[in-house]
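Here are the chains, one letter per residue:
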Amino acid sequence: MRARWKLVGSVVLAFAVVVTACSVLFFNGYGPLALADRRSRLSPGAAKVRIDHALRTTMGAVSPSLAFAGAYFEVRRERDRWDGEPSMVSAVTEVVVGRTAVASTRLPALMDQVTQAWQGLGSTVVHRSNPSDEIQSLHGVGEAGGETFLLFLAAAQPDSTYRVKFLVEAYGVLYQPAHEYEPVSPLARTSLAAMGDPVDDPYWSH
């Protein structure tokens, strides 16, 4: 009888271990739907190459060049699947922040240069903000190495200059936390609070 109970106990323990292991795998992206995502989605490395290329091309097209403060990543993970599995699909955005203060009179020329860079990437500008808007913007979509969203933002500052940002987003990317991505070289990962005062440039700022 003791041997039988010992055997039952072993079976119950083994069952509990299997259930726990399956539960851990299920809720960490190894359920059936998440595994399908892993096979069919753009890898983080491929997304990074696409984003980097679009950002380098856009930044490199600006002449005279701007000073840049740094970069950071944002990752938006899709909602959990219908069966409760965490989604392994995300949208990845890299944001590059300019330090150069851009005068309102120079901003249209900068936006024109960005537009030309995006056209060279195979992307189309689908919206350009009204000149009276507080935040000036360009929205682009198209190839840029794959299905990509491009955004240029210029926020008005108290001294009548603008602080600019370049954003590139890739869709359908296999999920990876934002902290595991590295910014475009030679930019460093920089928090918004640590980006410093704007740079006064003899061409762009006046």
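Here's a quick rundown of the structure. Everything numeric here is computed off the predicted structure, so don't read it as measured data.

### Structural notes on helix α3 (residues 44-60)
Alright, step 1. Along its 17 residues, α3 runs 24 Å from first to last C-alpha, staying within 8% of the 24 Å computed at 1.5 Å per residue.
Alright, step 2. For α3, the set of buried residues is P44, A47, K48, R50, I51, D52, A54, L55, T58 and M59.
Alright, step 3. Where the residues of α3 are buried, they touch β1 (68-77), β2 (89-98), α4 (107-120), β6 (148-156) and β7 (161-174).

### So, α4
Alright, step 1. With 14 residues, α4 should reach 20 Å at 1.5 Å per residue; the first-to-last C-alpha distance of 20 Å fits that figure.
Alright, step 2. Buried residues in α4 make contact with α3, β3 (102-103), β4 (123-128), β5 (135-142), β6 and β7.
Alright, step 3. G122 lies just past α4 and shows a positive phi near 90°.

### Side note on the pairing of β2
Alright, step 1. The buried fraction of β2 is high, at 10 of 10 residues.
Alright, step 2. On β2, burial covers both faces: V89, A91, T93, V95 and V97 on one face and S90, V92, E94, V96 and G98 on the other are all buried.
Alright, step 3. When β1 meets β2, the two strands line up antiparallel, connected through 9 bridges. Following the sheet pairing, F73 is matched in β2 by E94.
Alright, step 4. One ladder, built from 8 bridges, connects β2 with β7; its direction is antiparallel. Note that in β7 the partner of T93 across the bridge is E169.

Definitions and cut-offs
All residue numbers refer to positions counted from 1 along the written sequence of the respective chain. Reporting of local features is limited, given that this is a predicted model, to residues whose pLDDT is at least 70; pairs of side-chain atoms are given and counted only at 80 or more, and all residues count toward the totals for whole chains, interfaces and linings. In computing side-chain properties, one takes all heavy atoms of the structure into account and sets aside hydrogens as well as water. A run of H or I in DSSP becomes a helix once it reaches four residues, and a run of E becomes a strand once it reaches two; helices and strands are each numbered from the N terminus. In this analysis, the expected span of each helix is defined as 1.5 Å times one less than the number of residues it contains. The classification of residues rests on relative accessible area computed with a 1.4 Å probe and restricted to protein chains. Under 20% of the type maximum is buried, over 50% is exposed, and intermediate values are partly exposed. It only takes one pair of heavy atoms within 4.5 Å for two residues to be counted as in contact. Strand pairing requires that DSSP identify at least two bridges connecting the strands.

Don't take any of this as a statement about function, it's just geometry.
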